[in-house]
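Listed here are the chains, written in short residue letters.
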Amino acid sequence: MAVPERVVTNADLEKLVDTTDEWIVTRTGIRERRMAAPDEALTDFALPAADRALEMAGVAGTDVDLVICATVSPDRIFPATSCAVQDHIGALDAPAFDLSAACTGFIYGVALGAQFIEAGRARNVVVVGGEMLTKIVDWTDRATCVLFGDGAGAVVLQAAAEDDRGVMGYALHADGSLGDLIERPGGGSRAPISHEMIDAGQHHITMRGNETFKKAVRRLAEVSEEALAGCGLEPLDVDWFIPHQANRRIIDAVGQRLAVPEGSTYVNVDRYGNTSAASVPIALDELNRAGRIQPGQTVLMTAFGSGLTWASAVVKW
Ligand code: UT7
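Residues numbered from 1 in each chain as written. Predicted model: local features only at pLDDT ≥ 70, side-chain atom pairs only at ≥ 80, totals over all residues. Heavy atoms only, no water.

**Re helix H9 (residues 248–258)**
Here is step 1 of the chain: Every buried residue of H9 is accounted for by Ile250, Ile251, Val254, Gly255 and Leu258. Burial along H9 is one-sided: seen end-on, the buried residues are contained in an arc of 130°. More than 90 degrees from the buried face of H9, the exposed residues found are Gln256 and Arg257.
Here is step 2 of the chain: The inward-facing, buried residues of H9 abut helix H8 (209–230), strand S10 (240–243), helix H10 (269–272) and strand S11 (298–305).
Here is step 3 of the chain: Its side-chain oxygen placed 2.7 Å from the backbone nitrogen of arginine 249, asparagine 247 serves as the N-cap of H9. (Buried < 20%, exposed > 50% of the residue type's maximum accessible area, 1.4 Å probe, protein only. Helix = DSSP H or I, 4+ residues; strand = E, 2+ residues; numbered from the N terminus. Arc of directions from axis to C-beta. Contact = heavy atoms within 4.5 Å. Polar contact = N/O pair within 3.5 Å; in protein donor to acceptor, adjacent residues only side chain to side chain.)

Written out as structure tokens, the structure is:
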């Protein structure tokens, strides 16, 4: 993982919009988040995250044959951020593309990378999830600006020597009929960049939070059960549950519905806020670097986001 140095606390936000630390903590569990500097962009974090993942895996960038970057807040609309990662790590001529599935993007990327490996079309795949949502949030909208943070995380996927290790299964879903629950309406071909579009604030994230909340709880529980069942597992078999870190109340409600073992749910939303596609790999890296995930343990990752999209992946560590 790689995150900006600057920490923005709820007290800092109290000076910016009509909010309180008490409201933010009670409704979301967030206490602080990381925020990129004005001159920093996604690749300032996506590149080091990819470097650190390769170093940890002991894989040379030149041996990587596919790069996937999940993001909805790239450096530039095009070319893809994954191409900058590919160039930086020296994965000469390897295919690279970005994946747009918002907060669910990293898990979609892991599933895709695993498919390439299973099909024998790739040996070493780098999957990055990264966002700079503080760059596209409306800093006058208290309903959204307090929620998000910046950062990136990455993994290296490789074929496992044994059949009972690695990405054991996954479930991916979308419901495009609810595309307007969380969106950034301006800047594309529907509302191209113009003074009028910007005056209307369409270049910012908009979210119908309460409706999103309810959908998230139900879908996250469902898709987690589906992915586990696909591997012949039950929630009680999970050693580590890594949910998308959007809201502490969502995480608690999903944990209760799923009935994963006590103490298996990893939570860091208090320190990073909602980092969208980066939230699962940041949490995974924290757990792993702390030596808390043991070989052979079952890790369940699950996420929900704009699209709507939702997905889970089960990994035998
Ligand atoms: O990552 C992608 C998926 N995204 C999510 O999963 C986010 C899902 N949604 C949520 O996490 C929650 O819905 C929020 C944290 C965004 C909002 O919590 P809520 O309990 O659903 O609150 P609400 O939107 O129903 O708003 C309750 C009240 C409103 O005031 P009134 O109308 O009751 O007077 C809001 O105006 O809270 C007000 N409010 C705030 N007050 C202080 C909204 N934002 C703030 C704020 N500070 N920052």
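From this point, the discussion proceeds with the structure in view.
**A look at the site of the ligand**
Here is step 1 of the chain: Neighbouring the ligand are 24 residues; Thr19, Arg27, Asn210, Asn247 and Asn274 lie closest to it.
Here is step 2 of the chain: Between the ligand and arginine 142 there is a distance of 2.9 Å, counted from a nitrogen atom to a backbone nitrogen or oxygen.
Here is step 3 of the chain: For the ligand, whose accessible area on its own is 950 Å², the fraction buried by protein is 73%.
Here is step 4 of the chain: In terms of residue count, H8 provides more of the shell around the ligand than any other element does, four residues in total.
Here is step 5 of the chain: Taken together, the residues that form the shell around the ligand break down as eleven nonpolar, nine polar and four charged. (Near = heavy atom within 4 Å. Areas by Shrake-Rupley, 256 points an atom, 1.4 Å probe, with all protein chains shown as cover. Nonpolar A, V, L, I, M, F, W, Y, C, P; charged D, E, K, R; others polar.)

**What to know about the domain arrangement of the protein chain**
Put simply, an interface is often sized by how much accessible area is lost when its parts join up.
Here is step 1 of the chain: Here the protein chain is partitioned into domain 1 (7–158) and domain 2 (166–316).
Here is step 2 of the chain: With centres defined by C-alpha atoms, the gap from domain 1 to domain 2 works out at 13 Å.
Here is step 3 of the chain: Facing 42 residues of domain 1, the contacting portion of domain 2 comprises 44 residues.
Here is step 4 of the chain: Where domain 1 touches domain 2, the interface holds 16 residue pairs in polar contact (both at pLDDT 80 or more).
Here is step 5 of the chain: Every element with two or more residues in the side of domain 1 that touches domain 2 is listed here: helix H2 (21–28), strand S2 (32–34), helix H3 (43–57), helix H5 (105–118), strand S5 (124–132) and strand S6 (150–158).
Here is step 6 of the chain: Considered class by class, the residues forming the side of domain 1 that touches domain 2 number 22 nonpolar, eleven polar and nine charged. (Domains from an automatic or database assignment.)

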